[in-house]
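Listed here are the chains, written in short residue letters.
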Amino acid sequence: MSNFSWAIDGSIVGLYLAVTLAAGVWMRRSVRRVEDFLVAGREMNLYLGIASLAATEFGIITCMYAAQGGYTMGFAGALPGICQAGAMLTIGLTGFCVRPLRESGAMTLPELFEKRFGSGVRRLSGVVVVLGGLLNMGVFFQVAGKFLVQACGFDPGTLVWLMVALLAMVVLYTVLGGMLSVLVTDFLQFIVMSAGLLVVTVLILKEVGWTRLVETVQAHHGAGGFSPLANPKMGWTYLINQIMANAAAALTWQAVVARVLSAKDPSTSQKIYSRTSFFFVARFLIPGIWGIAALAVLGWAPLKSLTQAERDGIAPAVAAKVEASHVGAPLAGLTPEEKAALPGPVIEKLEDTTLMAMPTFLSTFLPIGLMGLLIAAMLAADMSTDSSYMLSWGSVIYNDIIAPFRGEKVNHSRAILWNRCIIGLIGVYLLVFGLFYKIEGNVWSYLLLTGSIYLSSMSVVLIACCYWRRANRYGAYGAIILGALIPTLHLTLEKIPATAAWAAQFGKDAAGITAFLAAGLGMVLGSLLKPSAPMDS
């Protein structure tokens, strides 16, 4: 059941989509050079940069994993936002790495690395950035489709068509207008997204109440719902990984760095960071409140996510264990034999209970009219994120993997055509990957680990490139290879039955920390054990 009305809410959503698509396609006329397509001619001002970065870093998937964090960890689930806000503010005030990056005139991080470490490092880093980025983004449309199905009350069979429709809209204006289209639509999307977030949050605080939210967290999570160090799901390993990974993301996440490289000057890029920093707390805290409200209103009842026929097919003893489980762990009390006896679709629905709690709650909590505003806001957030990310990974594929093999003279028309084709192919990949890949465990942990494939190595290489005179190409190779190896190996072991239990016990957070340590070790040993070549000085 859902309060979504096609006549009223559907009209609101349709109007928003029409305006956004028209604005995005209209910007095609301003694209004449490859720099226009990839970095908006480096003319982005402060306020457009703030709106664009805020809109880019809040998509449906952001709302889903942050709400899941609130549902399963209480207010402590907002910790990643606090870590990233602190990193953004520090970098913005000091100019650490971002000032030399903007002054370099590069269009991507790997292009900067070539100036210090050579073309081989540029190509390898480009491959690692794309690998981590596409694995990370591969689940975006799947999660967005699930949100729309649940919030709007659509038939689950429409998930594929929703993914296709979302993808087609985003690809259309991104392919035509590149970064110029992304920036213009980001501004519109920021306005709609902000209005939707504020209205829904105010209504929750009015109807559910702050006191009830706090009492719910205390009842279900105790002190761990307020302090990550008191939460058994978090602890020091989680905290350290969040600090390291979010700082690295602020420095090297290509969709964020693209705003640095598109800014009209280094000072503007720094101000974009510092003045957007608080938003990174809000992007976790606001959806986290939605998730806590879902727990307060719906409670923890994982069996309700199943159909009656599915519930009838579960042995009474197993059903009792699932119903008595702790929030976020519906299968934790089952023996291997009991879990193996459950059908695959039942296991998937039970494991998705925490992810789907927020859209389930909002589907009946919001009245007609506000449902339309919510869906428009979520589509605004998602389209902004998807378009920016597709352009980011496409720019690296073209600029750092393909372009080094071309001649020095740039044919702008051909370069723009190449980028458009690459973005289209990325869209196909995202659809296929989203349909078949199943996330193991918490969505945010998956995104952080896949991001660490390149966050660990790229952050180490960037810092060394900017500030360590003895760094050289051998250290860069060592950092890139070792930094990418650890998270890739962990993701692989998760999917192998014989090693899945060990990978789960080791944990994504430990794997992420190990990746950073390995990348740092690779940079130091590679640089000190091999003499510097002339281009490394």
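Here is a short report on the structure shown in this document.

Calculation notes
- Residues numbered from 1 in each chain as written.
- Predicted model: local features only at pLDDT ≥ 70, side-chain atom pairs only at ≥ 80, totals over all residues.
- Heavy atoms only, no water.
- Salt bridge = Lys/Arg side-chain N within 4 Å of Asp/Glu carboxyl O.
- Helix = DSSP H or I, 4+ residues; strand = E, 2+ residues; numbered from the N terminus.
- Buried < 20%, exposed > 50% of the residue type's maximum accessible area, 1.4 Å probe, protein only.
- Core = buried A, V, L, I, M, F, W, Y, C linked by side-chain atoms within 4.5 Å.
- Contact = heavy atoms within 4.5 Å.
- Phe/Tyr/Trp six-rings, centres within 6.5 Å; stacked < 30°, edge-to-face > 60°.

**Considerations on the pattern of salt bridges**
- In total, this model carries nine salt bridges according to the counting rule given.
- Residue Arg99 is joined to Glu103 by a salt bridge in which the shortest nitrogen-to-oxygen separation is 3.5 Å. Remark: Glu103 and Arg99 occur in helix 6 (residues 98-103); sequence separation between them is four residues, near one turn of the helix.
- Look at Arg99 and you get partly exposed, because its relative accessible area is 28%.
- In this structure Glu103 comes out as exposed when scored by relative accessible area, which is 52%.
- Note that Glu114 and Arg122 form a salt bridge whose closest N and O atoms lie 2.6 Å from each other.
- Given the relative accessible area of 9%, Arg122 is considered buried.

**With respect to the nonpolar core**
- Counting 163 residues, the largest nonpolar core has Phe113, Phe147, Trp290, Ile375 and Met378 as its most contacted members.
- When residues of this core are assigned to their parent elements, the largest contribution, 17 residues, is made by helix 21 (residues 370-402).
- In this structure Met378 touches Phe58, Ile60, Cys63, Phe147, Leu197 and Trp290, once residues within four positions along its chain are discounted.
- If you look at the next biggest cluster of nonpolar residues, it comprises twelve residues, including Val318, Val322, Leu342 and Leu350.

**What to know about the environment of Ile12**
- Checked against the element boundaries, Ile12 lands in helix 1 (residues 9-26).
- Separated by 358 residues in sequence, Ile12 and Leu370 place their C-alpha atoms 9.6 Å apart.
- In this view, Ile12 contacts Gly369, Gly372, Leu373 and Ala376; residues no more than four positions away in its chain are not counted.

**As for the packing of aromatic side chains**
- Following the criterion strictly, the structure yields 23 aromatic pairs and no others.
- Measuring from ring centre to ring centre gives 6.4 Å for Phe58 and Phe279, while their planes differ by 65 degrees; the resulting arrangement is edge-to-face. Taken together, the residues span a long stretch of sequence, with Phe58 in the loop between helix 3 (46-56) and helix 4 (60-73) and Phe279 in helix 15 (residues 279-298) at a distance of 221 residues. Here Phe58 matches Phe279 in class, with each residue buried.
- When the centroid spacing of 5.5 Å and the interplanar angle of 40 degrees are considered together, the rings of Tyr429 and Phe433 count as tilted. Note that Tyr429 and Phe433 are positioned in helix 22 (residues 412-436) at a spacing of four residues, about one turn of the helix.
- By relative accessible area, Tyr429 is classed as partly exposed at 26%.

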